[in-house]
Amino acid sequence: MTRRGAKNLIIPSRSGASTQAAKDVVSDLVSTGVRFVAPKCDVSSATELSAMLEACASMPPIKGCINATMALQDAIFDNMTHAQWTQTTRSKVHASWNLHNLLPHDMDFFILLSSLSGIYGSVGQSNYAAGCAFQDALARSRTDAGFRGYFSLDLGWMRNIGVIAENADFQRHRQHVADMQPIEDSDFLALLEHYCDPELPPRKSPAAAASQLLVGAVHPAYFRARGENPISFVDRPLFATFAFAGNGTKKNSAAAADDGEDAAFLFARAGGSSKSRRAIVLAALKAKLARALGVQASDVDSYRTLMDYGVDSLMAIELRNWIRRDFHAVVAVFDIMSGNSIATVSELIVQKAG
Ligand SMILES: NC(=O)c1ccc[n+]([C@@H]2O[C@H](COP(=O)([O-])OP(=O)(O)OC[C@H]3O[C@@H](n4cnc5c(N)ncnc54)[C@H](OP(=O)(O)O)[C@@H]3O)[C@@H](O)[C@H]2O)c1
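Residues numbered from 1 in each chain as written. Predicted model: local features only at pLDDT ≥ 70, side-chain atom pairs only at ≥ 80, totals over all residues. Heavy atoms only, no water.

Quick look at helix H7 (residues 185-195) now. Every buried residue belonging to H7 is among Phe-188, Leu-191, Leu-192 and Tyr-195, and all of these are buried. Down the axis of H7, the buried set is contained in an arc of 100°. They therefore lie on one face. If you follow the buried residues of H7, they end up packed against strand S3 (64-67), strand S4 (109-115), strand S5 (150-155), strand S6 (157-158), strand S7 (182-183) and strand S8 (212-215). (Buried < 20%, exposed > 50% of the residue type's maximum accessible area, 1.4 Å probe, protein only. Helix = DSSP H or I, 4+ residues; strand = E, 2+ residues; numbered from the N terminus. Arc of directions from axis to C-beta. Contact = heavy atoms within 4.5 Å.)

To continue, consider the site of the ligand. Close to the ligand lie 23 residues, the nearest being Arg-14, Ser-15, Lys-92, Tyr-128 and Val-163. Between a nitrogen atom of the ligand and a side-chain N or O atom of Asp-42, the distance comes to 2.8 Å. One of the backbone N or O atoms of Met-158 is found 2.8 Å from an oxygen atom in the ligand. For the ligand, whose accessible area on its own is 880 Å², the fraction buried by protein is 81%. Taken together, the elements giving at least two residues each to the shell around the ligand come down to helix H3 (82-102), S4 and S6. Examining the composition of the shell around the ligand, we find that three residues originate from one element, S4, more than from any other. Its residues assigned to classes, the shell around the ligand comprises 11 nonpolar, nine polar and three charged. (Near = heavy atom within 4 Å. Polar contact = N/O pair within 3.5 Å; in protein donor to acceptor, adjacent residues only side chain to side chain. Areas by Shrake-Rupley, 256 points an atom, 1.4 Å probe, with all protein chains shown as cover. Nonpolar A, V, L, I, M, F, W, Y, C, P; charged D, E, K, R; others polar.)

What follows deals with the nonpolar core. By size, the foremost hydrophobic cluster in this structure holds 29 residues, and its most contacted members are Leu-306, Ile-323, Phe-327 and Ile-349. Of all the secondary structure elements, the ones that give two or more residues to this core are helix H11 (261-269), helix H12 (274-293), helix H13 (313-327) and helix H15 (342-353). Here this core gets seven residues from one element, more than from any other, and that element is H12. With residues up to four places along the chain from it excluded, the contact list for Phe-327 reads Ala-263, Ala-264, Phe-267, Val-281, Ala-284, Trp-322, Ile-349 and Ala-353. Within the second largest apolar cluster, 17 residues are counted, among which are Leu-49, Met-107, Leu-112 and Ala-139. (Core = buried A, V, L, I, M, F, W, Y, C linked by side-chain atoms within 4.5 Å.)

Let us look at the packing of H12 against H15. For the pair H12 and H15, the least separation of the axes is 9 Å and the interaxial angle reads 130°. By the angle class used here, H12 and H15 are oblique. When you trace H12 past H15, the crossing you get is right-handed. Residues Ser-274, Arg-277, Arg-278, Val-281, Leu-282, Leu-285, Lys-286 and Leu-289 of H12 touch H15, and the partners they reach there are Ile-342, Ala-343, Val-345, Ser-346, Glu-347, Ile-349, Val-350 and Ala-353. Residues of the contact of H12 with H15, tallied by class, amount to 10 nonpolar, two polar and four charged. (Axes fitted to C-alpha atoms, helices over the stretch in contact; angles between N-to-C directions. Parallel < 35°, antiparallel > 145°, perpendicular 65-115°, else oblique. Left-handed = near helix turned anticlockwise from the far one by under 90°.)

Moving on, we get to the side chain of Ser-302. The residue Ser-302 is located in the loop between H12 and H13 in this model. Here Ser-302 is in contact with Leu-282, Lys-286, Ser-341, Ile-342 and Ala-343, once residues within four sequence places are set aside.

We now examine unusual backbone geometry. Located in the positive-phi region is His-328, a residue other than glycine, with phi close to 50°. Along the chain, the position of His-328 falls in the loop between H13 and helix H14 (333-337). A relative accessible area of 63% means that His-328 is categorised as exposed.

Close contact between helix H2 (residues 46-55) and H3 brings their axes to 10 Å; oriented N to C, the two are set at 40°. Here H2 is positioned oblique relative to H3, judged by the angle of their axes. In this structure, H2 crosses over H3, and the sense of that crossing is right-handed. Residues Ala-46, Leu-49, Ser-50 and Leu-53 of H2 pack against Asn-98, Leu-99 and Leu-102 of H3. For the contact of H2 with H3, a count of residues per class yields five nonpolar, two polar and no charged.

Moving on, we come to the sheet that holds S5. Pairing is parallel across the open sheet formed by four strands, whose spatial order is S3-S4-S5-S8. Each having just a single partner strand, S3 and S8 make up the two edges of the open sheet. Pairs of neighbouring strands in the sheet enclose a mean axial angle of 15°, with direction left out of account. Across four bridges, S5 lies against S8 in parallel orientation. Along S8, the bridge assignment pairs Ser-152 with Gln-212. Against the sheet, helix H5 (residues 126-144) makes contact with S3, S4, S5 and S8, and its axis sits at roughly 150° relative to S4, the strand it touches most. (Pairing = 2+ DSSP bridges.)

This part is about the environment of Asp-136. Relative to the helices and strands, Asp-136 resides in helix H5. Between the C-alpha atoms of Asp-136 and Gly-118, which are 18 residues apart in sequence, the distance is 8.1 Å. In contact with Asp-136, other than residues within four places in its own chain, are Ser-114, Ile-119, Ser-152, Asp-154 and Gln-212.

See the structure below:
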């Protein structure tokens, strides 16, 4: 920031610049003429934050904020004490909320360093995941309300700076779990440079897309490119829209069985037998979804909805056209998107086919 011209910095933390590394950074900065304060302040306390801002009143108006507060208290949820829960959530929820309330509302940027944990969930870190999800929601709601410069950056894991880089156990764990791509400091700084730019044009809605960035998220194509099978959580419906990425690299058996002509032929040959026709349509629908998701047809649950598997309105139109072409059944997009199970939609197709 100072290399980009920042002359005044306030870096509060509960312990202040107490470590040798922190003291070295302070003296480096002061020697370059930067006005720098590193007061002891618990930002999750509105009273402490107000008092600290009051004490810094002689500094120029605050033009931006990067909230990097985090206090980890890991435990499996069943074993987590209330104190563990609140200490971590306060470092995310209360700290972000107080900064939002007490800092000027005409700043150039307000960046919340959040985490992919708020998206994926994280065993042993439900408190942290909840706090990060709050930060994402805060950025979204403030963007919706017309505030400019509000962003939550959902980071994966930072390879060479930050708490994981400083702790060998954390690093081993991250490498073992392999659920996020490591992020380099140069990428992180490039992101900050972009999002702190006062010239950055205001983003339009939808607010979620405009205010939240996922950095280091993995998806099925990431694993396939490494010759590995995707780990189970990326097959969750939440990630279904990513399933199309890199889909051409691997064909499963369901994809090999063509869901178009064969199904149309079998359906016609089944004549008046509704039971056979239902089975053919259900298998074809599951095969079609499996092909789109890059999973086995047997992994598609007949009793879940198409939306559970990420079918959106565009895909629903494609499905409707396919149903009309192959089964001569006119089914409305509404029927596909209305929350009916895959089995019910198949039943409907058979009924409409007459
Ligand atoms: N490192 C990663 O791989 C990674 C991955 C995803 C997201 N992130 C996000 O990036 C940010 C920085 O991470 P990091 O690795 O640099 O973490 P870190 O080294 O633990 O730094 C967190 C800082 O927050 C301060 N802090 C905690 N609670 C506070 C409070 N209530 N009031 C004031 N200061 C408080 C801590 O100082 P005191 O303890 O002295 O208060 C510490 O300086 C966090 O927001 C984190 O969620 C990091």
